[in-house]
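# Inside the fold
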Amino acid sequence: MWWPTPASPSRWFASEAIAASKRLPHRSLSVVRPKRSVDGQAITGDDYASLAAALGIESIRFVELSGTPDMNACLYRERHGYCVGLSEGLTRQPSSVRHWVVAHELVHLVKHHGLVLRVWSVLVLLILLVTTWRLGLVAGVVVGPSGLLVHRWLGRAFERQADIEACRRVPRPDIRDLHAMLVTTPGDLAPSRFRRLMATHPAPAERLELLSRL
């Protein structure tokens, strides 16, 4: 079931660091997006393959992306299959955190989150073109932003679903370790309502609040 669960938490996670971040200027989110020509160093010593096999994934690589001090991870497609890339900063985190992050990325693959978002993007584009052609530019101006808002909402919902499913597949890391990881991740820790509405990921404060209840 890929449908989003649950709704946004109603309260912020209690954290002095997050409360203080509301006074900090906005920081741009730094996402790991490796080029196809970049071949990360294969990660050994961690039993990520067994975790993938438990989720029904037979062929996938796990690599460390050099030169990426931020704590981040990504799922991307290679010529011969999928790959989970972990930044150098993330590989220095406790084992429980690393396994949880890997499980999070694998859930995205199993639930076809990326495919759903791509299909939705193409559908919105087609609807936008047809609406603009048949009803005019004003109608297109309404349809376009509406489709974008739904796309962003789906993205945030998928992130929450991956967080929840990851906690079902592996033991949830200590909330203090997750807090230490999330508050040092580039991006707005406690963004305004508008930025939260336009973001592809829930704010760290929201994610910590949700994870603290699992």
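Higher on the page you've got the structure.
Attention here is on the structure that accompanies the text. Here the structure is a predicted model, which is why all the values come from computation and not from measurement. (Residues numbered from 1 in each chain as written. Predicted model: local features only at pLDDT ≥ 70, side-chain atom pairs only at ≥ 80, totals over all residues. Heavy atoms only, no water.)

### What about the overall build of the protein chain?
Under the convention used in this document: We count a stretch as a helix when DSSP gives it H or I for four or more residues in a row; a strand needs E for two or more, and each element gets its number in order from the N terminus. Each residue is placed in one exposure class: buried if its accessible area under a 1.4 Å probe, protein chains only, is under 20% of its type's maximum, exposed if it is over 50%, and partly exposed if it falls in between. Any pair of residues with heavy atoms lying within 4.5 Å of one another is described as a contacting pair. Using a 1.4 Å probe, the Shrake-Rupley method yields the accessible areas, and only the shown protein chains count as cover for residues.
Looking only at helices and strands, the protein chain features nine helices and four strands. Scored against the burial criterion, the 214 residues of the protein chain give a buried share of 45%. Pairs at least 24 residues apart make up 68% of the contacts formed inside the protein chain by residues separated by at least 6 positions. Carbon and sulfur atoms make up 59% of the accessible area of the protein chain, which totals about 12,300 Å².

### What to know about the pattern of salt bridges
Applicable threshold: Salt bridges, as used here, are contacts in which a Lys or Arg side-chain nitrogen is within 4 Å of a carboxyl oxygen on Asp or Glu.
Applying the stated criterion across every chain yields a total of five salt bridges. The shortest N-O distance in the salt bridge between Arg-92 and Glu-88 comes to 3.4 Å. Taking the shortest distance from any N to any O, the salt bridge between Arg-207 and Asp-163 comes out at 2.9 Å. Linking Arg-207 in helix 9 (residues 204-212) with Asp-163 in helix 6 (residues 137-169), this pair joins segments that are 44 residues apart in sequence. Of the two residues, Arg-207 and Asp-163, both sit in the buried class. By sharing partners, the salt bridges in this structure join Glu-159, Asp-163 and Arg-207 into a single network.

### Points about helix 9
Burial analysis of helix 9 places eight of its nine residues in the buried class, the great majority of the element. Pro-204, Ala-205, Glu-206, Arg-207, Leu-208, Glu-209, Leu-210 and Leu-211 are the residues of helix 9 that are buried.

### Structural notes on the packing of helix 6 against helix 9
The condition is simple: A fitted line through C-alpha atoms serves as each axis, taken over the contacting stretch for helices, and the angle formed by two N-to-C directions is quoted from 0 to 180°. Crossing chirality is assigned from the near helix's rotation relative to the far helix, an anticlockwise turn below a right angle marking it left-handed and a clockwise turn marking it right-handed. Polarity classes work like this: nonpolar for Ala, Val, Leu, Ile, Met, Phe, Trp, Tyr, Cys and Pro, charged for Asp, Glu, Lys and Arg, and polar for all others, with Gly in that last group.
Relative orientation of the contacting elements helix 6 and helix 9 amounts to 35°, with a least axis distance of 11 Å. Relative to helix 9, helix 6 is oriented so that their crossing is right-handed. Side by side, helix 6 and helix 9 meet where Glu-159, Arg-160, Asp-163, Ile-164 and Cys-167 of the first sit next to Glu-206, Arg-207, Leu-210 and Leu-211 of the second. Residue classes in the contact of helix 6 with helix 9 are distributed as four nonpolar, no polar and five charged.

### Examining the side chain of Gln-161
As a reminder of what qualifies: Each polar contact in these results corresponds to two N or O atoms within 3.5 Å; when the atoms are within protein, one needs to be able to donate a hydrogen and the other to accept it, and residues that are neighboring in sequence are counted only if both atoms are side-chain atoms.
Relative to the elements of secondary structure, Gln-161 occurs in helix 6. In this structure the side chain of Gln-161 is engaged in a polar contact, spanning 2.7 Å, whose partner is the side chain of His-113.

### Some remarks on the environment of Ala-73
Within the secondary structure, Ala-73 is located in strand 3 (residues 73-78). You can call Ala-73 buried: its relative accessible area is 12%. Here the alpha-carbon distance between Ala-73 and Gly-89, two residues 16 residues apart in the chain, equals 9.7 Å. Contacts of Ala-73, omitting those with residues within four sequence positions, involve Gly-85, Leu-90, Val-101 and Glu-105.

### Remarks on a nonpolar patch on the surface
Cut-off, in case you're wondering: For patches, a residue must show more than 30% relative accessible area and have no salt bridge; joins then use 9 Å for like charges and 5 Å for nonpolar side chains, namely Val, Leu, Ile, Met, Phe, Trp and Tyr.
On the surface, Val-122, Leu-125, Leu-126 and Leu-129 cluster together into a nonpolar patch covering about 380 Å² of accessible area. With respect to the helices, strands and loops of the structure, Leu-129 is situated in helix 5 (residues 113-135). Assessed through its relative accessible area of 52%, Leu-129 is described here as exposed.

### Here's the deal with the nonpolar core
Worth spelling out the cut-off: Nonpolar cores are built from buried Ala, Val, Leu, Ile, Met, Phe, Trp, Tyr and Cys residues. Side-chain atoms within 4.5 Å join them into one set.
In terms of nonpolar packing, the biggest core is built from 28 residues, with Ile-60, Phe-62, Trp-100, Leu-106 and Met-181 touching the most fellow members. Going through the elements one at a time, helix 2 (48-54), strand 2 (60-65), strand 4 (81-87), helix 4 (95-110), helix 6, helix 7 (175-182) and helix 9 are the ones with two or more residues in this core. At seven residues, the largest contribution of residues to this core is made by helix 4. Beyond its immediate chain neighbours, meaning those up to four positions away, Leu-106 contacts Leu-51, Ala-52, Leu-55, Ile-57, Ile-60, Phe-62 and Val-84. Among the nonpolar cores identified, the runner-up in size contains five residues, and Val-63, Cys-74, Tyr-76 and Cys-83 belong to it.

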